[in-house]
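Remarks on the overall topology
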Amino acid sequence: MSFRLKTVLGIALIELTVMAFLIAINQFALGGSATTQLYQRAESTARVFSNTVADAVIATDLATLDATIETAVSSNELTYLRVKNPAGIVLSQGGAKAALAAPFVKDSNFDEARSDHVIDIDLPVTVEGTEFGSIELGLSTLAVEREIAQALYWNVVIALIGMSLVAIFGFALGTMLTRQLQGLRLGALAIAGGNLDSQIDVKGRDELADTAKCFNYMAQTLSSDRRTLQNQQDELLAKRARVEVLVGCLRDISQKRSMIDVPDTDRPDEIGDMARATVVFQNAMQAVEIARVEQQRLISAFDQVEEQVAIFGIDGQVMFLNAAFRAFNQNILEALPEHFTLRDFLNAGFEQAAFLGVEDRDAWIEEQLLRVHGMPREIRRAPDRILLTVQSHVDGIGTVLSAKDITDLRQSEQQLIHASKLATLGEMATGVAHELNQPLGVIRMASNTCVKRIDKGKADLEYLRGKLVRVGEQTERASQIINHMRIFGRKADGVSAPFDLRDSLHEMSTLARAQLHTLDISLKLAVPDEAGIVLGEKVIFEQVLLNLVSNARDAIEASDAPKGQISLTAEFATDLGHVIEMRDTGGGIPEDVLDKLFEPFFTTKDPGKGTGLGLSISFGTIRDMSGTISATNEGDGACFRIILPNAQQDEQALNQPAA
């Protein structure tokens, strides 16, 4: 249904509603007025006729009554008329026979009279308050009904004429109004069909004209936007083609193909940015590939070295194990999952009894985890291996643990140290023999004196007892010298343990004095009363001291001094640690060899008098004890200084987190 038809039908419906309302009001007003007037006229007629026939009813003048009734019913309005006496007997009547024959039923209103088109009314005939009879009459309603029907007819006719005029004018108005809308409709259909350049004619200055103008502006905007979108689409398609080219470049780069020339790097737009990013990606991939090759080369190099290497990440999980580490720790690694920590490795090693010489398992593991950065530490591994381990902390990576099997080296060192000790004992043999001759001479003299006394019969028990006591004292002295030599001459067991520096200094001086005494060289010893505890191998440390004394002795002998002196002083628990200084009067060390003094096989002695290993071994021994040894010239001789950490302080330092 078109908008125009809807407009016409709407106006017609409104007009029909208004006309129906007006007709109803008109008919109601007309019908109510006419019926009321007719009912009032019937009552008035009844009263007039009652007054007219009152005398005739009183006189029972039937002739007058008949004449009056006949005159009254001659009118078209009265249908019938009847006069009754008080007893209800009809005195006279006239009018339509059908109406007279029907029983009288009084109508109280006009609507009740419509059934027979007659208003039935009765009225008593009274004179001065006395009732002498009654009158019954019927007034016809046909004339009024015809008047009402005629009025309804004309109202309907007028309404139809009005509706027709309204429909005509409504159609014309709808046509005029919808003409612009029709243009809008056609324009909308054109735009829906894709013709965004469509324009409609604008007529008039009303709202529809404004709507048409807005429609044309909308169409122009849509057309412009479509052209813009089309241009953008074409541009995007072109960029898409370039992006596909760059994606192909990225694919080739990711597949590690040879160097490719990336296009569009000079463009100022986002395609250029993507092209430049592709170049950066290509360079990054090349760097990654180079790093991967270097990493693989580094891993291959790590796998080829004999030293064991393990790397644990910042999170503590293992990152890398070289071939030497995997081979040496195969049994432990087989008991561990793929990802494990250094703590897991140590615990698994303890479960397999791989670590020797450890009493407190938990404390030892914590000590290993919190080791000082770069500090070497020896670990004994079952069954008979010795590993020198270094634990380093690398920023951004984690912990690097390296271990070197130094079992053969330690055995060679032990053999070399033992040989050096035997050589030292050989050098000390003359002095020791002299030292032993003194108690032996005393023993010989005491025993000879006792024998002579007994032979002469002059021996008494008190005298003999005194001689025997002296023999026992000299025997003890000789036993101590022999014990010192026996202890010094035994092989080291390679196990570090805490010991008191005072004991080592006293025992070494006992052995050294016997030799130095024969050479007219004095040995002065100044040792504190408090203990100086260090961690190491006591026998090997005493060998270091004897090597230094032997070097000082040789220097004093080479200086041709009439007398020599060696001073050995110790100071414990200083800010540096335990400090031991040995000074001699041997003329000092040439300045040009001070920096080579601790190198292996370097010696300042004449050929055949030195191997050049004494100071080198001493340097290694002090280093293994986490200490330092240095040499300087002071006064008329040399000074060797040994600094060792306090065993208690060192234990506390090990328990501190590494920096």
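Residues numbered from 1 in each chain as written. Predicted model: local features only at pLDDT ≥ 70, side-chain atom pairs only at ≥ 80, totals over all residues. Heavy atoms only, no water.

**Things to note about the overall build of the chain**
Along its length, the chain carries 18 helices and 16 strands. A burial count over the chain gives 37% of its 659 residues as buried. Sequence-distant contacts, at least 24 apart, represent 58% of the contacts inside the chain between residues at least 6 apart. With the model as given, the accessible surface of the chain reaches about 38100 Å², and the carbon-plus-sulfur share is 57%. (Helix = DSSP H or I, 4+ residues; strand = E, 2+ residues; numbered from the N terminus. Buried < 20%, exposed > 50% of the residue type's maximum accessible area, 1.4 Å probe, protein only. Contact = heavy atoms within 4.5 Å. Areas by Shrake-Rupley, 256 points an atom, 1.4 Å probe, with all protein chains shown as cover.)

**What about the environment of D636?**
Position of D636 relative to the elements: it lies in the loop between β15 (628-634) and β16 (637-644). Exposure remark for D636: the relative accessible area of 51% places this residue in the exposed category. Sequence spacing of D636 and G587 is 49 residues, and the spatial spacing of their C-alpha atoms is 5.0 Å. With residues near it in sequence (within four places) discarded, D636 still touches D584, T585, G586, G587 and G588.

**Focus on the pairing of strand β6 (residues 318-321)**
Examined bridge by bridge, strand β5 (residues 308-313) and β6 share three bridges and lie antiparallel to one another. Of the residues in β6, the one forming a bridge with F312 is V318. The turn linking β5 back onto β6 is made up of four residues, and G316 within it adopts a positive phi angle of 90 degrees. (Pairing = 2+ DSSP bridges.)

**Comments concerning a positive patch on the surface**
Taken together, the side chains of K452, R453, K456 and K458 define a basic patch exposed on the protein surface. Tracing the backbone through its elements, the reader meets K452 in helix α13 (residues 407-456). (Patch = residues over 30% accessible without salt bridge, like charges linked within 9 Å, V, L, I, M, F, W, Y side chains within 5 Å. Salt bridge = Lys/Arg side-chain N within 4 Å of Asp/Glu carboxyl O. Lys, Arg positive; Asp, Glu negative; His and termini not counted. Charge placed at Lys NZ, Arg CZ, Asp CG, Glu CD.)

**Some remarks on the confidence of the model for the chain**
Of all residues in the chain, 81% have pLDDT values of 70 or greater, and the mean over the chain is 77. The secondary structure element of the chain with the lowest average pLDDT is helix α18 (residues 647-654), at 52, and the one with the highest is strand β14 (residues 578-584), at 94. Note that residues 607-611 has pLDDT below 50 and, in this model, three contacts with residues that lie over four places away or in other chains. Residue range residues 650-659 is modelled with pLDDT below 50. Its contacts to residues more than four positions away, or to other chains, number 17 contacts. (pLDDT = per-residue confidence, 0-100.)

**Quick word on a negative patch on the surface**
Where like charges cluster on the molecular surface, the negative patch consists of E591, D592, D595 and E599. Along the chain, the position of E591 falls in the loop between β14 and α17 (614-624).

**A word on unusual backbone geometry**
Among all residues except glycine, the phi angle is most often negative; among peptide bonds, the trans geometry is most common. A cis geometry characterises the amide bond from A382 onward to P383, with omega recorded as 0 degrees. Positive phi is not limited to glycine here, since A573 has a value of about 55 degrees. By the secondary structure assignment, A573 is in the loop between β13 (564-571) and β14. The backbone of S626 shows a phi angle near 65 degrees, a positive value even though the residue is not glycine. Relative to the helices and strands, S626 resides in the loop between α17 and β15.

**Brief notes about the sheet that holds strand β4 (residues 130-140)**
Sheet strands associate in pairs through backbone hydrogen bonding, adopting either a parallel or an antiparallel arrangement. Read across the open sheet, the four strands follow the order β2-β1-β4-β3; overall the sheet is antiparallel. With one partner strand each, in any of the chains shown, β2 (90-95) and β3 (118-127) form the two edges of the open sheet. On average, each strand axis in the sheet is inclined to that of its neighbour by 15 degrees, with strand direction left out of account. Sheet analysis places strand β1 (residues 78-84) next to β4, joined by six bridges and oriented antiparallel. If you follow R82 over to β4, its bridge partner there is E136. Against the sheet, helix α3 (residues 62-73) makes contact with β1 and β2, and its axis sits at roughly 25 degrees relative to β2, the strand it touches most. (Axes fitted to C-alpha atoms, helices over the stretch in contact; angles between N-to-C directions.)

**Section: the sheet that holds strand β9 (residues 398-405)**
The five strands lie next to each other as β6-β5-β9-β8-β7, forming an open sheet whose pairing is antiparallel. Two strands bound the open sheet, and with one partner strand each, they are β6 and β7 (376-381). Here the average twist between neighbouring strands, direction ignored, is 25 degrees. Summarising the sheet, strand β8 (residues 385-394) and β9 pair through eight bridges and their orientation is antiparallel. Each bridged residue has a counterpart across the sheet, and for T389 the counterpart in β9 is A403.

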